[in-house]
Amino acid sequence: MTATLPALAFAGIGLMGLPMTRRLLAAGYPLTLWNRTPDKCASLLEQGAHRVENPAELCRDANVVMLCLANTEVVREVVFGPGGIVEGARPGQLLVDFSSLEPAATREMAAELEARTGMRWVDAPVSGGTPGAEAGTLAIMAGGREEDVERVRPVLAHLGQRLTRMGEVGAGQVTKVCNQMIVACNALVIAEVVALAERSGVDASLIASALAGGFADSKPLQILAPQMAASQFEPIKWHVRTLLKDLDTAVKLSREQGSATPMSGLAAQLMRLHGSQGNLECDPATLVELLREQCP
């Protein structure tokens, strides 16, 4: 069975990358790994994955190279830096990037990689967090040529419940920006709600169940409100710095496109304030602390 499956490679074994690669291994795909911190690959090597010393080596045997990295700068370094993917890439291979990046930078990097090596790019950012990565229920929004997206659809079916091609390269990243605008603003207003309920003498732990099924209901409400009410901030499922990065991308994109994003601009400033107080590596559930502190 394994021989009939395309060989995969994956860079970035973090909060999302680890459960995603576990699912690919469980599905029987041959998998080669690279991570800046090699120790994070240990459990995957026990499952049958192989590790290489630099990103260029990911291209040696792989049909598809996948990235799940922190930001635009890290992706650029892994692709074009010393020992980067550009040194091993060749025509016929696909790069699938699950990272959340600036759309313009994605288009520029995709064009450069194809011009220099013939390797094509699909931007495929995801939504659903670590629970979605573990369950294989991520929402995947893709940008790239139609034939390239269809080529990786069977692989991505092991990671997500839905893959939607949004347009050409970069369109997936624009869609992810929109997703993060909704998520981040939602997280902040949920923090306001919990802090206000507490201040008003209402049991905030009941908010999520009380509003379930109504117009105010959402996955962030059901996940964040109970955590905020209980001040349960660990284990960390995602990071404040990630939401801040994505909000900054949204504001930058809105300037480039001449579009107004006042809510997301305010959310970015509140997220930056919270991050400046030592919370960049914390779970966004800690945003409730920012609102609690504002009460006299």
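From a predicted model like this one, the values you see are computed outputs, not experimental measurements.

Looking now at the nonpolar core. Phe10, Met20, Met66 and Phe98 are the most contacted members of the largest nonpolar core, which has 34 residues in total. At the level of secondary structure, the elements contributing two or more residues to this core comprise strand 1 (8-11), helix 1 (17-26), strand 2 (31-34), strand 4 (64-67), strand 5 (94-97), strand 8 (138-143) and helix 6 (146-156). The element that contributes the greatest number of residues to this core is helix 6, accounting for 4 residues. Apart from residues lying up to four places away in sequence, Met20 is in contact with Phe10, Cys68, Phe98, Ala133, Leu138 and Leu159. By size, the runner-up hydrophobic cluster in this structure holds 29 residues, among which are Ala225, Met271, Val288 and Leu290.

This part takes up the packing of helix 7 (residues 171-199) against helix 10 (residues 240-257). Running from amino to carboxyl end, helix 7 crosses helix 10 at an angle of 120°, the nearest separation of the two axes being 9 Å. With respect to each other, helix 7 and helix 10 are oriented oblique. Crossing of helix 7 over helix 10 shows left-handed handedness. Residues Val174, Val177, Gln180, Met181, Val183 and Ala184 of helix 7 pack against Leu243, Asp246, Leu247, Thr249, Ala250 and Leu253 of helix 10.

Feature annotation in UniProt places "active site" (unreviewed entry) on Lys176, given in this structure's numbering. Mapped onto the fold, Lys176 is located in helix 7. On the basis of relative accessible area, Lys176 is assigned to the buried category, the value being 8%. Not counting the four nearest positions on each side in its chain, Lys176 is found in contact with Ser100, Pro125, Val126 and Met141.

Interface size is commonly expressed as the accessible surface area that is lost when the partners come together. Along its sequence, the protein is carved into domain 1 (8-168) and domain 2 (174-293). Computed over C-alpha atoms only, the centres of domain 1 and domain 2 are separated by 27 Å. Between domain 1 and domain 2, the contact holds 13 residues from the first and 13 residues from the second. Together domain 1 and domain 2 conceal approximately 1,200 Å² of surface at their shared face, both sides included; 59% is due to carbon and sulfur atoms. Interface area lost by domain 1 to domain 2 is led by Leu15, Ser100 and Pro103, which between them contribute 35%. Put simply, domain 1 and domain 2 have 1 salt bridge between them. Its salt-bridge partner being Lys252, residue Glu102 comes within 2.8 Å of it at the nearest N-O pair. Viewed at the interface, domain 2 and domain 1 are joined by 5 residue pairs in polar contact (both at pLDDT 80 or more). For the side of domain 1 that touches domain 2, the residue count by class is 8 nonpolar, 4 polar and 1 charged.

Each value, and the rule that gives it
- Residues numbered from 1 in each chain as written.
- Predicted model: local features only at pLDDT ≥ 70, side-chain atom pairs only at ≥ 80, totals over all residues.
- Heavy atoms only, no water.
- Core = buried A, V, L, I, M, F, W, Y, C linked by side-chain atoms within 4.5 Å.
- Buried < 20%, exposed > 50% of the residue type's maximum accessible area, 1.4 Å probe, protein only.
- Helix = DSSP H or I, 4+ residues; strand = E, 2+ residues; numbered from the N terminus.
- Contact = heavy atoms within 4.5 Å.
- Axes fitted to C-alpha atoms, helices over the stretch in contact; angles between N-to-C directions.
- Parallel < 35°, antiparallel > 145°, perpendicular 65-115°, else oblique.
- Left-handed = near helix turned anticlockwise from the far one by under 90°.
- UniProt positions renumbered as here; feature names shortened; annotations may be inferred.
- Domains from an automatic or database assignment.
- Buried area = accessible area lost by both parts, 1.4 Å probe.
- Salt bridge = Lys/Arg side-chain N within 4 Å of Asp/Glu carboxyl O.
- Polar contact = N/O pair within 3.5 Å; in protein donor to acceptor, adjacent residues only side chain to side chain.
- Nonpolar A, V, L, I, M, F, W, Y, C, P; charged D, E, K, R; others polar.

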